[in-house]
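Chain by chain, the residues:
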Amino acid sequence: MRFHPWAFAAIGALAHALPARAQQDAPPAVAPASGAPSVTGRAFTPKDWYRVTTVGAPAVSPDGAQIAFTVTTVREAENARHSEVWLVAARGGAPRRLTSPGTESSAPRFSADGKLLFFTSNRPGGRGNTWAIRLDEPGEAFQPTGIPTRGSAPRDGRFLVWAEGDSAAPDSAGRGSDPFGRMQAMARPPFGAITQPIDPARFDGRHVTEMRYKANGQGFLPGPRTARRWRPAQIWMQNTDGSGKRALTATRYSHREPTVSPDGRWVAFTADARLRPDSVVDAERDSLARLPYDARRDEAERNDIDVYLIPMQGGTPRKLVGWSGAEGSLTWSPDSRRLLFVGAPGRMKTDRLYVVDVPAEGSASAPRELLGSWAYGPQRPIWLENGDVMFTASIGGRAAVMKLNPATRALVEVVGGRRLVSAMATDPAGRTVAFVGSSVARPAELFVVDAQGAGERQLTTFNDALNREIAWADAERITYRSVGGREIEGWLMKPHGYQEGRKYPLVLYIHGGPHSQYHEGWFDETQNLAGAGMWVLYTNPRGSSGYGGEFTYSTRARWGMEDYQDLMKAVDLAVQRPGVDAARLGVTGGSYGGFMTAWITTKTQRFKAAQADRMISNWWSWYGVSDAQGLTEFEFLGKPWDNPRLYDELSPIRYAHKVRTPTLIVQSEEDHRTPMADAEQWFLALKKHGVPVEFVRYPRSNHDLSRTGEPWLLVDRLGRLRQWFGHWLGEEGAKTAAR
């Protein structure tokens, strides 16, 4: 869910009459139903990663009786992941595979009557990627024709409504008579270019005229071959009986997130607050982006998006919510008289939950906020048939499924405890709540619970064999007061084979973002180092998400300052443990964590080894080569030439002469978020200063290597982390690093 380009993801939960167990700072440990981790078993090794099964994308049938979900495994020999769609009864029983093991399938979703299960698959010979399986009779997967397969439906499921169009997509000229039509897309001269190839058949470079010409995960983006034409997203509808689709709107502005009322009379959607054409909105945004930073203008609260309503038969839109903020996640009440939305009151504020009455005509009343003083934000709300609202929330590092009564504002934690809930789905009545859950010491599986939080059952056991074999490391949850009295949450994981009386090295892990978080779920990287016999310390310093907007944005223009102290305070506390060897400390992190790793080594020599992943060493050069300049334009109060002092002072490269810590640098060749230039600069700087340094560059990989990269490369990276820290934090390596 994102409903405004500046509305960063705030993750959270709710309040008002919140039960004590949801309010307490340190919730009791509640492991998923697979049971407590075994005390015996071997250590995790990088090659075990190939054997972990990932469960995701649950979808509950309309009657609540069945749950479809995806199962992703790794085929080591093929260096690839493989995804299938499976089905299991909500009451329990053996899950069964629905899709062929020879094809890739994902994103299951039920038809309104529950007789069809749609899924996404790029199969040979197919047209498009939507397929279906009949659940009321046996048969092969087929491609549905003449019926809609995605969108918002009324209660009776007679039709679906969706938005279609892409105002950001430039038109490209076909090959036809184009003299450059046979060239590679990036090689062709873009529209308006002054230069062109002398011999089109011989030029195979890249010709760039647009500011946005590359993106992480997408690579290089060809410029338009013709003048830009906007294709605003319009609202479409189609009956499920196979009749043709028709457009409900034809405007010069885009419609987003159309949601039909349960009685089928109205469609709510979000759009520009002044219903300006997409071309005008884009022109204003592009013009503002070129201006020097101005705090009064750039930090003023904006009202760019509002909620509108049109009759199902079409007509003039009526503004339902003219609210100063960014609205999204529209959800109708069962009686079609009210509309719920998640609102971000401001760029640095916590998402809240609002409800507004929907009158038959005229303007609506002001939205009512439902969460009161609760510090967290809701995600993916669902308004159930009984009138309750269910949603997921991140409460610090743990995740929960919450249920709210909009009338009384009473809040109940349906699924809680120390674990990560990574996906949730329910039937319309809310009788069956399916979720994917994991804990620090257990990989994810599929679970089900009723709307009251009772009768929790684990429905899958894909990782049980691995769980019996490996002694997964668990983590102690810690909280501590840092500078300014801030409470910081963290976790300390014991090394495999820990014995009282012995001392072990410790590695500090730093997450990316910085507006992301560590959590109570299973994480391959921490298991990797714990399995190698090291303590692993990871925390959510200020700047992390999950603790409210004020906490998340408290590091603005102050990266490497109080957040650095938060991290060092955690290390200070950890080394007081009798089993931690304060002379053998390591530090690692990726993205923001890679920047912070380099930053730490410029400020202290207490760490005997470092590993910097997808790092930033020079904010000036990063700004010029990254695809995400908007991050520092906001966080560092402007562009580098607007605020050169801050960009300079926060660049680790300026202090490279202070570094003595042996460093392993890992970078991906196709990372456009934190491109190679910064890693190259850091490597050369350390090399010139005589610091032990190694530089590993992974091919065919982008910023997401450690999460979604090629399996062989991902596992190789895990192995190198163990080797690097094992060498420098071993007793002999620590002596060498101390010289």
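Residues numbered from 1 in each chain as written. Predicted model: local features only at pLDDT ≥ 70, side-chain atom pairs only at ≥ 80, totals over all residues. Heavy atoms only, no water.

## Re the sheet that holds strand β27 (residues 442-449)
Part 1 of the reasoning: One open sheet accounts for four strands, arranged β25-β26-β27-β28; its pairing is antiparallel. Each of the sheet's edge strands pairs with one partner strand only, and the pair in question is β25 (420-426) and β28 (457-458).
Part 2 of the reasoning: Bridge analysis of strand β26 (residues 433-439) against β27 gives six bridges, and the strand direction is antiparallel. Paired with Val 433 across the strands is Val 449, a residue of β27. (Pairing = 2+ DSSP bridges. Helix = DSSP H or I, 4+ residues; strand = E, 2+ residues; numbered from the N terminus.)

## Concerning the confidence of the model for the protein
Part 1 of the reasoning: Residues at a pLDDT of 70 or more form 92% of the protein, whose mean pLDDT is 90.
Part 2 of the reasoning: Contacts from residues 1-38, a stretch scored under 50 in pLDDT, to residues over four places away or in other chains number 114 contacts.
Part 3 of the reasoning: Between residues 167-175, whose pLDDT stays under 50, and residues either more than four places distant or in other chains, the model counts 22 contacts. (pLDDT = per-residue confidence, 0-100. Contact = heavy atoms within 4.5 Å.)

## A short note on the packing of helix α5 (residues 524-531) against helix α14 (residues 711-729)
Part 1 of the reasoning: Orientation of α5 relative to α14, taken along the N-to-C sense of each, is 40°, at an axis distance of 10 Å. Comparing the axis directions of α5 and α14 gives the class oblique. The way α5 lies across α14 gives a crossing that is right-handed. Along the contact surface, α5 presents Asp 524, Glu 525, Asn 528, Leu 529 and Gly 531, while α14 presents Leu 714, Arg 717, Leu 718, Leu 721, Arg 722 and Phe 725.
Part 2 of the reasoning: Split into classes, the residues belonging to the contact of α5 with α14 amount to five nonpolar, two polar and four charged. (Axes fitted to C-alpha atoms, helices over the stretch in contact; angles between N-to-C directions. Parallel < 35°, antiparallel > 145°, perpendicular 65-115°, else oblique. Left-handed = near helix turned anticlockwise from the far one by under 90°. Nonpolar A, V, L, I, M, F, W, Y, C, P; charged D, E, K, R; others polar.)

## Examining the sheet that holds strand β15 (residues 305-311)
Part 1 of the reasoning: If you trace the four strands from one edge of the open sheet to the other, you get β13-β14-β15-β16, paired in antiparallel fashion. Two strands bound the open sheet, and with one partner strand each, they are β13 (256-260) and β16 (318-321). Strand-to-strand twist across the sheet, computed as the mean angle between neighbouring axes with direction ignored, equals 30°.
Part 2 of the reasoning: Examined bridge by bridge, β13 and strand β14 (residues 266-272) share three bridges and lie antiparallel to one another. Residue pairing across strands places Val 260 opposite Val 267, the latter belonging to β14.

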